[in-house]
Amino acid sequence: MIIGIPKEIKPDEYRAAITPAGVDMLTKAGHTVLVEASATMETGISNDDLKAAGATLAATHAEVFERADLIVKVKEPMPAEYGLFRPGQCLFTYLHLAAERPLTEVLLKAKVFGIAYETVELPGNLKPILTPMSEIAGRMSIQEGAKYLERPQGGKGILLGGLPGVAPANVLIFGGGVVGSYAARVAAALGARVTVTDVNLARLQYLADIMPENVTTILSNPYTIRELVR
């Protein structure tokens, strides 16, 4: 099989769908890995790194779509890519088709077999590809929140962890799922006073067992939320 890795063209998307390790594994399994030149440039992985691992470089975006049986991406195709699909081609990426009717219609018309990362599920409702994205989102939420507490960003100049003689900041997190739990971990590690709310009591009991002492869990309801936000 020819597996194609095009460069991501969605604005502000700097990731790539493969690493040299992935290239090495796929080529040793007998596949051809066709990577658009500079597809991994923003990640710090060079074309030489990919070639050393066994990748074949494609000169253009269109060449990847033209030759590959399987297109592997990070994000959903952009309008500029809609005309590049071939009937019978397989697309493996985050698709989020519920919010993308035009893309859904394009894939149906092109007779593309799409597999959405966010729908891949293992027994026990485990989502092995979606979960890492949620972990990233949770970690980054605190990083971004802390940034906007800084005075140059229009914040109040609050340090999340406080310091001797100054109380730490209060962080309120709605939902104790994957995103919320990772946000709580990062905020707690920075020294903030963290409150996690959720409607699932069993989840709160689990979080209470594993989180540090500066994390409080509270059952979510409208009255409690109003008080906590205030």
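Residues numbered from 1 in each chain as written. Predicted model: local features only at pLDDT ≥ 70, side-chain atom pairs only at ≥ 80, totals over all residues. Heavy atoms only, no water.

Overview of the overall build of the protein
No. 1: The helix and strand inventory of the protein stands at 8 helices and 9 strands.
No. 2: Relative to the compact-globule value of 17 Å for 230 residues, the protein shows a C-alpha radius of gyration of 22 Å, a clear excess of over 25%.
No. 3: Buried residues in the protein amount to 33% of all 230 residues.
No. 4: In the protein, the proportion of contacts linking residues at least 24 apart, taken out of those at least 6 apart, comes to 47%.
No. 5: Accessible surface, the protein: about 13100 Å² in total, of which carbon and sulfur atoms supply 59%.
No. 6: Within the protein, the 24 negative side-chain charges are centred at a point lying 5 Å from the centre of the 22 positive side-chain charges. (Helix = DSSP H or I, 4+ residues; strand = E, 2+ residues; numbered from the N terminus. Rg over C-alpha atoms; globule rule 2.2 N^0.38 Å. Buried < 20%, exposed > 50% of the residue type's maximum accessible area, 1.4 Å probe, protein only. Contact = heavy atoms within 4.5 Å. Areas by Shrake-Rupley, 256 points an atom, 1.4 Å probe, with all protein chains shown as cover. Lys, Arg positive; Asp, Glu negative; His and termini not counted. Charge placed at Lys NZ, Arg CZ, Asp CG, Glu CD.)

So, the pattern of salt bridges
No. 1: With the rule as written, the count across this model stands at 10 salt bridges.
No. 2: Measuring nitrogen to oxygen at the nearest pair gives 2.7 Å for the salt bridge that ties R15 to E13.
No. 3: By relative accessible area, R15 is classed as partly exposed at 32%.
No. 4: What makes E13 buried here is its relative accessible area of 14%.
No. 5: Taking the shortest distance from any N to any O, the salt bridge between E105 and R101 comes out at 3.0 Å. On the criterion of helical spacing, the pair formed by E105 and R101 is a turn pair, its members being 4 residues apart in helix α4 (residues 101–110).
No. 6: Taking the relative accessible area as the measure of exposure, E105 reaches 43% and is therefore partly exposed.
No. 7: Among the charged side chains, a salt-bridge network with shared partners connects E8, K73 and E81. (Salt bridge = Lys/Arg side-chain N within 4 Å of Asp/Glu carboxyl O.)

Remarks on the nonpolar core
No. 1: Grouped together as the largest cluster of nonpolar side chains are 16 residues, with contacts concentrated most on I5, I18, V23, V33, V35, L50 and V72.
No. 2: Of all the secondary-structure elements, those providing two or more residues to this core are β1 (2–5), β2 (32–36) and β4 (70–72).
No. 3: Core analysis: the second largest hydrophobic core is formed by 15 residues, L160, A184, A187 and V194 among them. (Core = buried A, V, L, I, M, F, W, Y, C linked by side-chain atoms within 4.5 Å.)

Let's talk about the layout of surface pockets
No. 1: What the largest pocket holds in volume is close to 360 Å³.
No. 2: Going through the elements one at a time, α5 (130–147), β7 (170–174), β8 (193–198) and α8 (222–229) are the ones with two or more residues in the lining of the largest pocket.
No. 3: The biggest single contributor to the lining of the largest pocket is α5, with 4 residues.
No. 4: Taken together, the residues of the lining of the largest pocket break down into 9 nonpolar, 6 polar and 2 charged. (1 Å grid on protein atoms, 1.4 Å probe; cavity = no way out; pocket = protein on both sides within 12 Å on 5 of 7 lines; lining within 4 Å. Points joined across faces, edges and corners; volume = space filled by probe spheres on them. Nonpolar A, V, L, I, M, F, W, Y, C, P; charged D, E, K, R; others polar.)

Description of the sheet that holds β7
No. 1: Overall, parallel pairing links the 3 strands, which are arranged β7-β8-β9 in an open sheet. With one partner strand each, in any of the chains shown, β7 and β9 (215–219) form the two edges of the open sheet. For this sheet, the mean angle separating the axes of adjacent strands, direction not counted, is 20°.
No. 2: Relative to β9, β8 runs parallel, the two being bridged by 5 bridges. (Pairing = 2+ DSSP bridges. Axes fitted to C-alpha atoms, helices over the stretch in contact; angles between N-to-C directions.)

Thoughts on the side chain of E36
No. 1: If you trace the backbone, E36 turns up in strand β2.
No. 2: Despite its burial, E36 remains without a salt bridge, the nearest opposite charge being carried by K7 at 7.1 Å.
No. 3: At a separation of 2.8 Å, a polar atom in the side chain of E36 contacts the main-chain amide nitrogen of K7.
No. 4: Excluding anything up to four places from it in sequence, E36 contacts I5, P6, K7, A58, T60, H61 and V64. (Polar contact = N/O pair within 3.5 Å; in protein donor to acceptor, adjacent residues only side chain to side chain.)

Considerations on α5
No. 1: The end-to-end C-alpha separation of α5 is 26 Å, in line with the 26 Å expected for 18 residues at 1.5 Å each.
No. 2: Along α5, the positions that sit buried rather than exposed are S134, G138 and I142.
No. 3: Among the structural elements, β7 and α6 (178–189) are those in contact with the buried residues of α5. (Expected span 1.5 Å × (residues − 1).)

No statement about biological role is implied by the geometric values presented.
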